[in-house]
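Structure assessment
Below, each chain spelled out in residue letters.
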Amino acid sequence: MAPLPRLEAHIDLAAVRHNVALLSGAAAESGAATMVVVKADGYGHGAVAVSRAALAAGATWLGVCTLEEALELRAAGITAPILSWLHLVDEDFGPAVEAGIDLSVASERHLARILATTDRPVRIHLKIDTGLSRNGCPPAEWPALLDAVEKAGDQVEVVAVWSHLAYADQPDHPSVDRALARLNEAWELARARGFTPIRHLANSAATMTRPDLHLDLVRPGIAVYGLDPLDRPVPESLLRPAMEFRARVALVKRVPAGEGVSYGHEHTTERETTLALVPAGYADGVPRLLNAGGRMRVRLAGRVRPVVGRVCMDQVVVDCGDDEVHEGDTAVLFGAHAEGPTAQDWATELGTIHYEVATGVHGTRVRRTYSEE
Ligand SMILES: *Cc1c(COP(=O)(O)O)cnc(C)c1O
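Read on for a plain summary of the structure. Worth saying up front: this structure is predicted, and the values here are computed from it rather than measured. (Residues numbered from 1 in each chain as written. Predicted model: local features only at pLDDT ≥ 70, side-chain atom pairs only at ≥ 80, totals over all residues. Heavy atoms only, no water.)

Glancing now at the site of the ligand. Taken together, the neighbourhood of the ligand is formed by 14 residues, with Lys39, Tyr43, Ser204, Ile222 and Tyr355 sitting nearest. In this structure, Lys39 approaches the ligand through a side-chain N or O atom, which is 2.7 Å from an oxygen atom. At 3.1 Å from an oxygen atom of the ligand is found a side-chain nitrogen or oxygen belonging to Asn203. Burial of the ligand by the protein amounts to 95% of the accessible area it has alone, namely 390 Å². (Near = heavy atom within 4 Å. Polar contact = N/O pair within 3.5 Å; in protein donor to acceptor, adjacent residues only side chain to side chain. Areas by Shrake-Rupley, 256 points an atom, 1.4 Å probe, with all protein chains shown as cover.)

Of all seven residues that make up strand S7 (residues 156–162), six are buried, and the element is covered over most of its length. Judged from the six bridges that link them, strand S6 (residues 122–127) and S7 form a sheet pairing that is parallel. Across the sheet, Leu126 pairs through a bridge with Val161, a residue of S7. In terms of handedness, the path from S6 via helix H7 (residues 142–152) over to S7 forms a crossover that is right-handed. In this sheet, strand S8 (residues 198–200) lies alongside S7 in parallel orientation, the contact comprising three bridges. Note that in S8 the partner of Ala160 across the bridge is Ile198. (Buried < 20%, exposed > 50% of the residue type's maximum accessible area, 1.4 Å probe, protein only. Helix = DSSP H or I, 4+ residues; strand = E, 2+ residues; numbered from the N terminus. Pairing = 2+ DSSP bridges. Right-handed = clockwise from strand over helix to strand, strands pointing away.)

An order of S11-S14-S17-S16-S15-S18-S10-S1-S19 is seen for the nine strands of this open sheet, with the pairing classed as mixed. The sheet is open, and its two borders are formed by strand S11 (251–255) and strand S19 (367–371), each paired with just one other strand. Averaged over all pairs of adjacent strands, the angle between strand axes in this sheet comes to 35°, irrespective of strand direction. In this sheet, S19 lies alongside strand S1 (residues 7–12) in parallel orientation, the contact comprising five bridges. Bridge pairing links Ile11 to Tyr370 in S19. (Axes fitted to C-alpha atoms, helices over the stretch in contact; angles between N-to-C directions.)

No statement about biological role is implied by the geometric values presented.
So this is what it looks like as structure tokens:
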């Protein structure tokens with residue numbers, strides 16, 4: 001048998017299916033369909049594999065950021081509706097339209113460019129800015145955008161009016177209700193022109209906390225991957241983390257007391273101990289900021305153990321005390337174990353969010369592998 005990979009992002013597709021079933025079940029109770037967001041290569045989990053698992057588990061739509069991401073899914077044979085939403089004004093929309101990709105439109109310039117690059121029928125989701133001030137049409141420009149859509153005539157089908165929340169993770173924040181009201185105003189203006197679009201607004205957090213925001217379609221991303229949008233710890237969350245980031249011990253050795261460990265000797269052994277060398281470093285998505293003061297831990301030989309000394313480009317050193325560890329043992333950097341470490345643990349240590357941790361696992365040395373169970 002081939003040896004296990006030295007460094008791997010292992011994706012549990014059964015966890016993805018579990019999470020999607022939970023989310024799409026909640027959406028279905030409101031009469032809403034589910035678009036699983038697989039941008040950024042499925043938040044670092046592999047867009048194609050996640051898409052297939054999601055569609056098998058109850059999702060009927062897929063959402064991506066770029067035309068390239070959308071076309072990758074079509075090239076893999078995925079025929080479900082796909083929405084792509086962040087485009088430059090000089091892109092060639094022809095191939096995406098030909099591939100049946102729905103396009104988000106937030107300006108007259110983008111609509112004009114789409115129509116300049118294809119003669120085929122175009123399906124668009126008109127995006128209104130409801131308070132995020134990011135990628136959406138400002139309400140003041142909405143009537144002019146609707147004029148332009150009307151002028152385009154039969155070539156354009158207005159599939160949806162949609163938006164994205166600024167405070168979805170604080171479901172009671174007043175801006176959330178304001179966003180819904182603004183979305184509804186924009187939707188009514190579109191309907192007054194004779195269009196019959198659906199509406200969508202909710203990301204993971206809103207899908208899990210605000211059924212009144214489910215509307216026709218929900219767009220969960222992070223929760224699909226099992227990372228809790230409300231930061232509930234793994235044992236309390238209904239979601240199951242899908243990624244286990246892990247590496248196999250390259251070298252084990254006994255060192256005496258008083259030895260400096262790793263660059264700059266930020267750690268000195270207090271007594272004789274066993275050190276395990278784990279071949280994962282900042283080039284692979286282990287942030288060097290996890291350095292200071294034992295902020296990084298790994299699960300190795302049945303226990304959570306501290307990384308000692310600096311995170312290097314290619315490796316970290318784990319203090320195993322007097323316990324028995326072996327070369328070739330698997331060290332879990334983060335995963336789904338209730339005792340951790342989890343992606344959320346890293347995010348807490350780093351003062352960031354688990355979204356950045358999961359999408360930060362990268363590089364040519366990390367092998368992505370999948371299991372069904
Ligand atoms: C990324 C994204 C989502 C998914 O958000 P999560 O917080 O990961 O659930 C939904 N909609 C849009 C427009 C996005 O960019």
